[in-house]
Amino acid sequence: MARPIPKYVRYPLKIAFILCILLTITAGVSFPFLQPIIPIFYSLSQPEKQLVGKAWIFFFPVFAWITLLIHTLILQFFTQIESNVQKIFAWTTIGTVTIDAILLIRIIMVVT
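Below, the structure is looked at part by part. (Residues numbered from 1 in each chain as written. Predicted model: local features only at pLDDT ≥ 70, side-chain atom pairs only at ≥ 80, totals over all residues. Heavy atoms only, no water.)

Examining the nonpolar core
(1) Moving on: Residues Val9, Leu13, Ile38, Ile40, Ile57, Leu104 and Ile107 are the most contacted members of the largest nonpolar core, which totals 24 residues.
(2) Moving on: At the level of elements, helix H1 (7-30), helix H2 (59-77) and helix H3 (83-111) are the ones that each hand at least two residues to this core.
(3) Moving on: Sort the elements by how many residues they give to this core and H3 lands first, with eight residues. (Core = buried A, V, L, I, M, F, W, Y, C linked by side-chain atoms within 4.5 Å. Buried < 20%, exposed > 50% of the residue type's maximum accessible area, 1.4 Å probe, protein only. Helix = DSSP H or I, 4+ residues; strand = E, 2+ residues; numbered from the N terminus.)

Concerning H1
(1) Moving on: Relative to the 34 Å expected for 24 residues at 1.5 Å per residue, H1 spans 35 Å between its end C-alpha atoms, a close match to the ideal helical length.
(2) Moving on: Those residues of H1 hidden inside the fold are in contact with H2 and H3. (Expected span 1.5 Å × (residues − 1). Contact = heavy atoms within 4.5 Å.)

Comments concerning H3
(1) Moving on: End to end, H3 covers 43 Å across 29 residues, agreeing with the expected 42 Å (1.5 Å per residue, within 8%).
(2) Moving on: Those residues of H3 lying buried are Gln86, Ala90, Thr93, Ile94, Val97, Asp100, Ala101, Leu104, Ile107, Ile108 and Val111.

A closer look at the packing of aromatic side chains
(1) Moving on: Counted according to the given criterion, the structure contains six aromatic pairs.
(2) Moving on: Both rings, one in Phe17 and one in Trp65, keep their centres 5.4 Å apart while their planes meet at 80°; by these two values the pair is edge-to-face. Of this pair, Phe17 sits in helix H1 while Trp65 sits in helix H2; the two residues are 48 residues apart in sequence, bridging distant segments of the chain.
(3) Moving on: A relative accessible area of 41% places Phe17 in the partly exposed class.
(4) Moving on: Classification of Trp65 by relative accessible area gives partly exposed; the value is 31%.
(5) Moving on: Ring centres of Phe59 and Phe60 lie 5.6 Å apart, and the angle between their planes is 75°; this geometry places the pair in the edge-to-face category.
(6) Moving on: On the basis of relative accessibility, which here comes to 41%, the residue Phe59 falls in the partly exposed class.
(7) Moving on: Members of the aromatic cluster, joined through ring pairs, are Trp56, Phe59, Phe60 and Phe63.
(8) Moving on: The ring of Phe31 carries the charged tip of Lys54 above its face, separated from the ring centre by 4.6 Å.
(9) Moving on: Its guanidinium or amino end placed over the ring of Tyr8, Lys87 lies 5.4 Å from that ring's centre, counting from NZ or CZ. (Phe/Tyr/Trp six-rings, centres within 6.5 Å; stacked < 30°, edge-to-face > 60°. Lys NZ or Arg CZ within 6 Å of the ring centre and 35° of its normal.)

Here is the structure:
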């Protein structure tokens, strides 16, 4: 059975939650202004596969929410691990969501 999340881990998860909300709002507000085709996959070797439909802009908030959900569940089920490891894991969640937000903003700035 899942245990409650310790207080020292709640603060970073709240920050990550707020970042996910901002990421979702950013994608939703920018969606109508995007071109029909946007470049997301820059690292692919085939140039024709680098462009995708603008609905793919929602990949970034979905990835952030899934990351937050999985990390929160992991922290709930593994409350017996050391508190420093839990703190590092929670702050890593913020880092992952922040990198996701930076990528979203970069794509929006390139396209608009």
